[in-house]
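Structural overview for review
Here is what each chain is made of, one letter per residue.
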Amino acid sequence: MATTTTDGLRGQWANPGDILSILLLIGGDIVQKAIAQLVGYKIRLYGNRSLSIAPVAFSFGWAAYGFSSLLSAVGDMRLMPASDCPSILLNCSNAFARQNKSWVLGRLLRDHEIRYEVGTRSREEGGRAESIRIDIFNLLPVSSPSRDFVWWLGWVTLLVQVGISVIPWVLYDDWGILMVTLCGIFLVAATCALPQWTQEKWGGPILNRGKVTCLTRGNGHLHIMVFIGTKGSWDLESLANCTSMPRRETRWVSLPLAVLWTCLLISVSGLQENAWFLIGIGAIGMLQNVFAAGTPRESGASNLHMTRFSRAPTIIGRRENYRDDTDAKVDLDEDLKELTDIAVWASEKPLPVSQGFKSIPTKANPMPRWLDSMASSDGTPEWLEPLRPVHVDQVTKSTPSPPHTLTKIPECSADGNTESSEIVYATGVHGALIELEKWVPTAGLAMAQIFFPAGLKYNDEAIRDNVHKKFWQRAYHTKSIRKRAEEKRRIEEETRAPIEV
């Protein structure tokens, strides 16, 4: 009996062919997430036709995914996985919040949180006492996904798999491993080429005018991403709703794919020799699938191209003591008078732009200087004057920056390029939202409804301290003027940018 057991174990480890068909049924959910991460890059064929390609390796789990995708095709007819990062997206114009259903936006927020850690430990414990981090981005027009290390690694993995499958053919005249590998890679490519993948991944329209949105996990969490959308960029609000229509051909293609995966399973069961080569191929593919499905990526790899908001790219609120005002009284009429100049300027429409070379729009009145500089010397109202910068080459985690400063530190941009960013340090969550409202009108107001729920109006009972009440009363009372002025300033900035270059 002992000899029989020993011989059986030795034979199984020498050539574990019986286990291969079982291994192909493990890890279908990982395969789906790997496809979701890598799908979207298209190569142009003849005419207006294009083909979506995704470098997802053949691995254990593809047979299981083939059957699960068939179930989805028959049922809800969806291919993309649900977002694995619960979050909400707000339209800053009206503070309307919706649950994010987009895989792309969920991963964008998750990767951002991983990349930029918030130091919540108190200073007494050697931490930075940070309570919230707000990052502001300008969305760029839609183009195509950037090809990063994860994307190229997929192609390298496929080449390695083919190379391994050739070895038993050359050494032992066993072409079965090569046949299974090539057939598996072909079925993987056919699955990833389904047009519905890209339609679901980016199931939203493109903006025809500017829109400001915010992405966050909600009250009690540490990160807010603010996006200033322009004409030609993704409408993130619609993208979060994930409303793409399923394609009927997906159902009919999924059925033959599931049948072909079954045939491949049967073929694998018939391989009696050199099984370790196929196990190695599947293991390498599984490692690539896991890496692609889980590793953080830059936003450009998901076709969300963006740049830092140059005026105040990052705002961080820190837990600090401060002296509250004795009362919350403000003169709202006086605050409106202080904004008369930008109210008049924002209400005017620019004259038609001539079509000549290097032409610029002409206006009846120039933009008020303080709206661009935000400096008190140019006439910025005291309550709207932002915290001023203190430029430093580098800020380490162990050395907290001075309070109420805007500190310059080197860090990575949204597209992965190393650059020095400016960080505004404010006092607490309220202080950070106040600074956000100064730079991006209505964004701070909208986020205040999430972190301090009160509805789209000023609610005195929802705000505790007088110093905060004063600002939010003024912000609510003047939001329309400031929003119109900032939108017009952005238009002029975009018009001037090509000329200045």
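Per chain, residues are indexed from 1 in the order of the written sequence. Totals for whole chains, interfaces and linings use all residues, but because this is a predicted model, local features are given only for residues with pLDDT of at least 70 and pairs of side-chain atoms are given and counted only at 80 or more. By convention in this description, side-chain values take in all heavy atoms of the structure and omit both hydrogens and water.

1. A closer look at the pattern of salt bridges
Should the charged atoms of two oppositely charged side chains come close, the side chains can pair. Salt-bridge detection follows one rule: a side-chain nitrogen of Lys or Arg within 4 Å of a carboxyl oxygen of Asp or Glu. The tally for this structure, following the rule as stated, stands at 24 salt bridges. Salt bridges sharing partners connect three or more residues here, namely Arg311, Glu486, Arg489, Arg490 and Glu493.

2. Description of empty space enclosed by the protein
Here the idea is plain: a probe the size of a water molecule rolls over the atoms and shows the empty space left. Here a cavity denotes grid points, spaced 1 Å and computed from the protein atoms alone, that fit a 1.4 Å probe unable to get out, and a pocket denotes an open set having protein on both sides within 12 Å along at least 5 of 7 lines; residues with an atom within 4 Å of a point are the lining. Grid points are joined across faces, edges and corners, and a volume is the space filled by probe spheres set on the points. By the definition in use, this model includes seven cavities of 30 Å³ or more. Of the voids in this model, the largest cavity is the one considered here, and its volume is about 140 Å³. Taken together, 17 residues form the lining of the largest cavity, with Leu108, Arg115, Arg297, Glu298 and Ser299 sitting closest to its centre. With six residues, the top contributor of residues to the lining of the largest cavity is helix H5 (residues 103–115). Residues are grouped as follows: nonpolar covers Ala, Val, Leu, Ile, Met, Phe, Trp, Tyr, Cys and Pro; charged covers Asp, Glu, Lys and Arg; every other residue, Gly included, is treated as polar. For the lining of the largest cavity, the per-class residue count stands at eight nonpolar, four polar and five charged. Comment: elements are numbered from the N terminus, with helices defined as DSSP H or I runs of at least four residues and strands as E runs of at least two. Listing elements by their share of the lining of the second largest cavity, those giving two or more residues are helix H14 (369–373), helix H15 (428–439) and helix H18 (479–500). The class makeup of the residues in the lining of the second largest cavity is seven nonpolar, no polar and five charged.

3. Re helix H10 (residues 248–269)
The α-helix advances 3.6 residues per turn, and as a result positions three or four apart in sequence lie on the same side. In this analysis, the expected span of each helix is defined as 1.5 Å times one less than the number of residues it contains. The terminal C-alpha atoms of H10 lie 33 Å apart, and with 22 residues this matches the ideal 32 Å at 1.5 Å per residue to within 8%. Within H10, burial applies to Thr250, Ser254, Leu257, Ala258, Trp261, Leu264, Leu265 and Val268. To sort residues, take the accessible area from a 1.4 Å probe on protein chains only and compare it with the maximum for the residue type: under 20% means buried, over 50% means exposed, and anything in between is partly exposed.

4. Comments concerning the confidence of the model for the chain
Every residue is assigned a pLDDT by the predictor, reflecting its confidence on a scale from 0 to 100. Per-residue confidence for the chain averages 84 on the pLDDT scale, and 83% of its residues sit at or above 70. Looking over the chain, one finds the lowest element-wise mean pLDDT in strand S11 (residues 406–412), namely 41, and the highest in strand S7 (residues 223–229), namely 97. We call two residues in contact when some of their heavy atoms are within 4.5 Å. When the criterion is pLDDT under 50, residues 353–357 qualifies, and its contacts beyond four places in sequence or with other chains add up to four contacts.

5. A short note on unusual backbone geometry
Positioned with a positive phi, Ala95 is a non-glycine residue whose angle comes to about 65°. Structurally, the position occupied by Ala95 is in the loop between strand S3 (88–91) and strand S4 (96–99). We note that Asp173 has phi near 55°; this positive angle belongs to a residue other than glycine. Considering the arrangement of structural elements, one finds Asp173 in the loop between helix H6 (149–172) and helix H7 (176–192). Overall, Asp173 belongs to the exposed group, its relative accessible area being 59%.

6. A few points about the layout of surface pockets
Here the second largest pocket defines a volume of roughly 510 Å³. Lining the second largest pocket are 19 residues; nearest its centre among them are Leu387, Ile434, Glu435, Lys438 and Val467. For the lining of the second largest pocket, the secondary structure elements donating two or more residues are strand S12 (418–427), H15 and helix H17 (466–477). If you tally residues by element for the lining of the second largest pocket, the top one is H17, at five residues. Here the lining of the second largest pocket is built from residues that sort into seven nonpolar, four polar and eight charged.

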